[in-house]
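Chain by chain, the residues run as shown.
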Amino acid sequence: MTVNQRNSTLMALLMLQFLLVVAVVVLFFRRQPSVGSGHVAALTGAALMTVAAGLVAATYLRIFRRSRSIPVFFMVTFFIFTMLDATKWVQLLVLDSPWPHYAATVSRVTIFGHLSGALALFGSGLYAGSHRLKWQGVAFALGLFLTASLSWAIPIDSSVMPENLVFAAGFPASLDMLTALLLILGVINYAEQAIVARDTRRAVTALSVLLIVVGRELLYHRTEIAMMFLGTGLFLAGGITYALRNYRDYLLG
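Within any chain, residue numbers begin from 1 and follow the written order of that chain's sequence. Owing to the predicted nature of the model, reporting of local features is limited to residues with pLDDT of at least 70; listing and counting of side-chain atom pairs is limited to 80 or more, with chain, interface and lining totals taken over all residues. Side-chain measures here rest on the full set of heavy atoms in the structure, leaving out hydrogens and waters.

**Considering the overall build of the chain**
To qualify as a helix, a DSSP run of H or I must reach at least 4 residues; to qualify as a strand, a run of E must reach at least 2; elements of each kind are numbered from the N terminus. For the chain, the helix and strand inventory stands at nine helices and two strands. The N-to-C order of helical and strand elements in the chain reads α-α-α-α-α-α-β-β-α-α-α. We compute the radius of gyration from the C-alpha atoms alone; for a globule the expected value is 2.2 Å times N to the 0.38, where N is the number of residues. For 253 residues, the compact-globule estimate of 2.2 N^0.38 gives 18 Å, and the C-alpha radius of gyration of the chain, at 18 Å, lies within 12% of that figure. When the backbone C-alpha atoms are referred to their principal axes, the chain occupies close to 55 × 35 × 35 Å.

**Looking at the side chain of N246**
As for its placement among the helices and strands, N246 is situated in helix α9 (residues 225-252). According to the relative accessible area criterion, N246 is buried, its value standing at 15%. Not counting residues up to four positions away in its chain, the partners in contact with N246 are F64, V72 and T205. For each residue, the accessible area found with a 1.4 Å probe, counting protein chains only, is set against the maximum for its type, and the residue is called buried under 20%, exposed over 50%, and partly exposed in between. Contacts are assigned to residue pairs with any non-hydrogen atoms lying within 4.5 Å of each other.

**Considerations on empty space enclosed by the protein**
Regions of empty space are outlined by a rolling probe, equal in size to a water molecule, passed over the atoms. Space inside and on the surface of the protein is sampled on a 1 Å grid over the protein atoms alone, with a cavity defined as a set of points where a 1.4 Å probe fits but cannot get out and a pocket as an open set with protein on both sides within 12 Å along at least 5 of 7 lines; lining residues have an atom within 4 Å of a point. Grid points are joined across faces, edges and corners, and a volume is the space filled by probe spheres set on the points. Counted under the stated rule, the structure contains one cavity of 30 Å³ or more. Taken as a whole, the largest cavity encloses approximately 90 Å³ of empty space. Around the largest cavity, the lining residues are V3, R6, N7, L10, Y60, L61, F64, S67, S69, V72, F73 and V76. Per-element accounting of the lining of the largest cavity gives the leading share, four residues, to helix α1 (residues 3-31). When residue character is reported, Ala, Val, Leu, Ile, Met, Phe, Trp, Tyr, Cys and Pro are called nonpolar, Asp, Glu, Lys and Arg charged, and the others, Gly included, polar. Partitioned by chemical class, the residues of the lining of the largest cavity number eight nonpolar, three polar and one charged.

**A few points about the side chain of D85**
Locating D85 in the fold gives a position in the loop between α3 (70-82) and α4 (87-95). Note on D85: relative accessible area 0%, which makes it buried. Polar contacts, as counted here, are pairs of nitrogen or oxygen atoms within 3.5 Å of one another; within protein the pair requires one atom able to donate a hydrogen and one able to accept it, and residues that are adjacent in sequence qualify only if both atoms are side-chain atoms. In terms of polar contacts, D85 uses its side chain to reach the side chain of R216, at 3.0 Å. Residues within four places of D85 in sequence aside, it is in contact with A46, M49, T50, T110, R216 and Y220.

**Points about the packing of helix α7 (residues 174-197) against helix α8 (residues 200-221)**
Interhelical geometry of α7 versus α8 gives an angle of 165° and a closest axis separation of 7 Å. As far as their axial angle goes, α8 and α7 are roughly antiparallel. In this structure, the crossing between α7 and α8 has a hand that is left-handed. Here D176, L183, V187, Y190, A191, Q193, A194 and A197 of α7 lie close against α8, whose contacting residues are R202, A203, T205, A206, V209, L210, V213, E217 and H221. Residues that form the contact of α7 with α8 fall into these classes: eleven nonpolar, three polar and three charged. Helix axes are fitted only over the stretch in contact, all axes being lines through C-alpha atoms; the angle between N-to-C directions runs from 0 to 180 degrees. Orientation labels follow simple angle bins: below 35 degrees gives roughly parallel, above 145 gives roughly antiparallel, 65 to 115 gives roughly perpendicular, and whatever is left gives oblique. Left-handed describes a crossing in which the near helix is turned anticlockwise from the far one by less than a right angle; the clockwise case is right-handed.

What follows is the structure in structure tokens.
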């Protein structure tokens, strides 16, 4: 993929996500479903995650629009798919409608965003660790196909609605473990570069990725107010640090 093709792909994805978020918010406030006290925190976390990820993705697209960095491309992809947390708001709309059986389908979409983001972050670390890897367009398309297939095919436990408004996937929650593994490997790939090169600047990049991952997972899984605001802070701190570190290399390159 050329730089223009990557930018066009990311811009199209970001616009689609933005339109989806707007549609969800408008529909939610028009329908005004009943919201239990235990769900307010989950909706707040989803809103924080969606807004933070959208702002970071838009900023990255602006400042790295001429960058040839494949790791940055996949990192922006991670931020964009993270915006699918907004579908947690759809969950309450569906549960309060005549078609509550579609709640499992909504969870599949949320899970797809979580898993796709994890795979994108893993790809970012993988390409950062080896500049000889090619075919990033094929890797991008294949990753979307695999995550969509897994999200659709794996069994969903719809007997109990967790506090974070996403049904568990797999037995027991095996898809969550796969997602966690991809995120951990993504961080390890960045850390391995810093260790091999003995470069403190790369260590800062690895730390920023770790902050992004921890913040993202806190906002996805936890519903305590303190944890959600901590997650937002870590996510934004990691995103800003990663941008500053890579923008310096972009200018020097």
